[in-house]
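This is what each chain is made of:
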Amino acid sequence: MSKPANTPATPPGAWRRLIRNRTAVASMAVLGLIALLAAAGPALFHTDPHGTSSLQFAPPSSAHPFGTDLNGRDVFSRVLEGARISLLVGLSGALVSFLIGTTYGVVSGYIGGRVDGFMMRTVEVLYAIPRLILILIASFVFDPLLKTYLAGFWDGQLVGYSKILILILSLGLIEWLTMARIVRGQVLALKNQQFVLAARSLGQSHLRIITRHLLPNLMGVVVVYLTLTIPAVVLDESFLSFLGLGIQAPQASWGSLLADGAQVINPVRSYWWLLAFPALLMSATLLALNFLGDGLRDALDPRQRK
Amino acid sequence: MLAFLVRRLTGLLVVLWCVITLTFFLVRLAPGGPFSRERKIPPAIEKQLLARYKLDGTLWQQYTDYLGDLLKGDLRLSTKYRDRSVNELIADGLPVSGLLGFTAFLIATGSGIALGCAAAWRQHSFLDRASMLGALTLISVPSFVIGPLLVLVFALRLPWLPVGGWNSPASVILPALTLAGPYTAYIARLTRSSMLEVLSQDFIRTARAKGLTETAVATRHALKIALLPVVSFLGPLAANLLTGSIVVESIFNIPGMGGYFVNSILNRDVFLLSGVVIVYCTLLVGLNLLVDLSYTLLDRRIQVYE
């Protein structure tokens, strides 16, 4: 089955198939709404997520739609700040993993032979290491180092972002393994097809073959997997923040908000709003991303349809 | 077979050595040591402390000494839990985490496979749709949301089970359910799709043509083959149960390995940390080896140890 060199990156009708998938469209709508709220939150609602008040543990009301927490902070604005940070870490972490994984996979698959064997053995060894455990150690170690480094720029205004930066980098650095494997498998399948041989016999350089012929054909698979990496990174980040090793107070992410909520559960009073709203928003986001990933796979790769 | 085992065990040692080295140097890289406090300790006492915990001398010397001690099976003293050796601490914590993980493992595989089979059995039925939607929801809702919710319902509103701790046999139920949740869902999805694929194959038609009952076809012919992808997920499952148990132990206040891990990072307890990481790694790689060996039991055509 050979394709002409100018095969479009996506199979024809992919967009139409995606639009017809009601679950995927609903997921996109939910994600769009959450992203909009997160991005426009500070401009729309003038409540400071870090502003404390004497109003402790107030249940949801018109002034505080999601109630207030232990320090009298408005939970609604904190959940929106959490959305900003969680989504930022999720998206950029997935992007880092995409860059590393795609490069690694393309190089390994394209060169082939012994280099491929060595690179894939390395991936297997890395798979065997409990990665999240190393991340916990690494983010703990590198955060103070980066903080001292960042303190030298712009009067230390960047210091607050050190933890986020470390989280993005380290989560991206562990999530690329599966991406590398998938991309390598695709490259192996593609590189001996006739349109690649034709390009090579025309004397095109390796770089040009990779960028013009291989990468466009890889994008479908990569986009699907990228959509599924984002929820994984968001989940990992919230895992770290829940343990108190991720985002540090007063900044909030969904994970740290849930940790705050879980801490004040007691038999006498349940401050359910502290747990319910971050959980609802986070679960909705992850569910929508997973549904969208499934929908994209069906749309972009008709052969895999079940 | 023997050559395969030797090769895999060598691989285990290499992974262990990498992780030990990485952990050892990473933790020492971070500013501050296990004895740095707000108030400065007199230099003479600090020197004594460092000597007692074998933290004096050059970093390289400490590292080689530590490797030597490890070969003798000595995991050294914990710097936080004074006068207790890491060996003792792990001997206390490992059975607790082991029981929790094993219970969760039984729940996840047992109910996951049963649900997946049921869904595949009546594809497109209400049962199928409901269980798959439930599965995706369970995957998207993180364990630190499910855990507090279970506590709220089954320990606080309905006083059936203990809130946390590790005092009675009943205290394992809620944590194990929390830990097993997402993996039950994942295994159910995996079993369903693999069962559907197997049921459409020729040898199943042959079995039906022989006049076997549907139950016999499903249990004796299809299930064994359909379980292969599930078995290959058991390795990652073990890893996920290990890291997942860190969060679950912190939610339910369980005295296991997870608590040691988080506290050893926060306290710079070098030897406890690397002791825990060594145990995690050994478990992980050992379980993966078992999984690979069990392939051959399910399908004689597969020879992993070539």
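Data block above holds the structure.
Residues numbered from 1 in each chain as written. Chains lettered and ligands numbered in written order. Predicted model: local features only at pLDDT ≥ 70, side-chain atom pairs only at ≥ 80, totals over all residues. Heavy atoms only, no water.

Caption draft 1: Quick look at the side chain of Asp 69 of chain B. Mapping Asp 69 of chain B onto the fold places it in helix 3 (residues 59-71). With sequence-adjacent residues up to four places away left out, Asp 69 of chain B is seen in contact with Lys 54, Asp 74 and Arg 76 of chain B. (Helix = DSSP H or I, 4+ residues; strand = E, 2+ residues; numbered from the N terminus. Contact = heavy atoms within 4.5 Å.)

Caption draft 2: Quick look at the interface of chain A and chain B. If you look at the interface, chain A gives 37 residues, while chain B gives 41 residues. Both sides of the chain A and chain B interface together cover about 3,400 Å² of buried area, and 85% of this is carbon and sulfur. If you sort the residues of chain A by the area they bury against chain B, Ile 133, Ile 137 and Phe 140 of chain A come out on top, with a joint share of 16%. Where chain A meets chain B, there are one salt bridge. Two residues, Arg 189 of chain B and Asp 294 of chain A, come together in a salt bridge whose shortest N-O distance is 3.8 Å. Contributing elements (two or more residues each) for the side of chain A that touches chain B: helix 4 (113-128), helix 5 (131-150), helix 9 (206-242), helix 10 (254-263) and helix 11 (272-300) of chain A. (Buried area = accessible area lost by both parts, 1.4 Å probe. Salt bridge = Lys/Arg side-chain N within 4 Å of Asp/Glu carboxyl O.)

Caption draft 3: Local environment of the layout of surface pockets. What the second largest pocket holds in volume is close to 640 Å³. What lines the second largest pocket is a set of 25 residues, among which Phe 242, Ala 259, Asp 260, Ala 262 and Gln 263 of chain A lie closest to the centre. Every element with two or more residues in the lining of the second largest pocket is listed here: helix 9 and helix 10 of chain A together with helix 6 (143-157) and helix 10 (228-252) of chain B. Among the elements that line the lining of the second largest pocket, the one with the most residues is helix 10 of chain A, at five residues. (1 Å grid on protein atoms, 1.4 Å probe; cavity = no way out; pocket = protein on both sides within 12 Å on 5 of 7 lines; lining within 4 Å. Points joined across faces, edges and corners; volume = space filled by probe spheres on them.)

Caption draft 4: Just empty space enclosed by the protein, in detail. All names here are of chain A. According to the stated counting rule, one finds four cavities of 30 Å³ or more in the structure shown. Its boundaries defined by the atoms lining it, the largest cavity holds a volume of some 70 Å³. Lining the largest cavity are Asp 69, Val 75, Arg 78, Leu 257, Asp 260, Gly 261, Leu 274 and Pro 278. Elements represented by at least two residues in the lining of the largest cavity include exactly helix 3 (75-111), helix 10 and helix 11. No other element matches the three residues that helix 10 contributes to the lining of the largest cavity. Looking at the lining of the largest cavity residue by residue, the classes come out as four nonpolar, one polar and three charged. (Nonpolar A, V, L, I, M, F, W, Y, C, P; charged D, E, K, R; others polar.)

Caption draft 5: Spotlight on helix 2 (residues 22-44) of chain A. Residue and element names in this part refer to chain A. Along helix 2, the sharpest change in direction is near 40° and occurs at Ala 38; proline Pro 42 comes one to four residues later. Of all the positions in helix 2, only Ala 24, Ser 27, Leu 31, Ile 34, Ala 38 and Gly 41 are classed as buried. At its buried positions, helix 2 is contacted by helix 1 (14-20), helix 3 and helix 11. You can read the cap of helix 2 off the contacts: a side-chain oxygen lies 3.2 Å from the backbone nitrogen of Thr 23, and it is on Asn 21. (Bend = angle between axes of the 7 residues up to and from the residue. Buried < 20%, exposed > 50% of the residue type's maximum accessible area, 1.4 Å probe, protein only. Polar contact = N/O pair within 3.5 Å; in protein donor to acceptor, adjacent residues only side chain to side chain.)

Caption draft 6: The arrangement of the nonpolar core in detail. Core analysis: the biggest nonpolar cluster contains 149 residues, and Ile 137 of chain A together with Phe 261 of chain B have the highest contact counts within it. At 14 residues, helix 12 (residues 270-298) of chain B tops the list of elements feeding residues into this core. The contacts of Ile 137 of chain A, once residues within four sequence positions are left out, are Thr 23, Leu 26, Val 27, Phe 261, Ile 265, Leu 273 and Val 277 of chain B. (Core = buried A, V, L, I, M, F, W, Y, C linked by side-chain atoms within 4.5 Å.)

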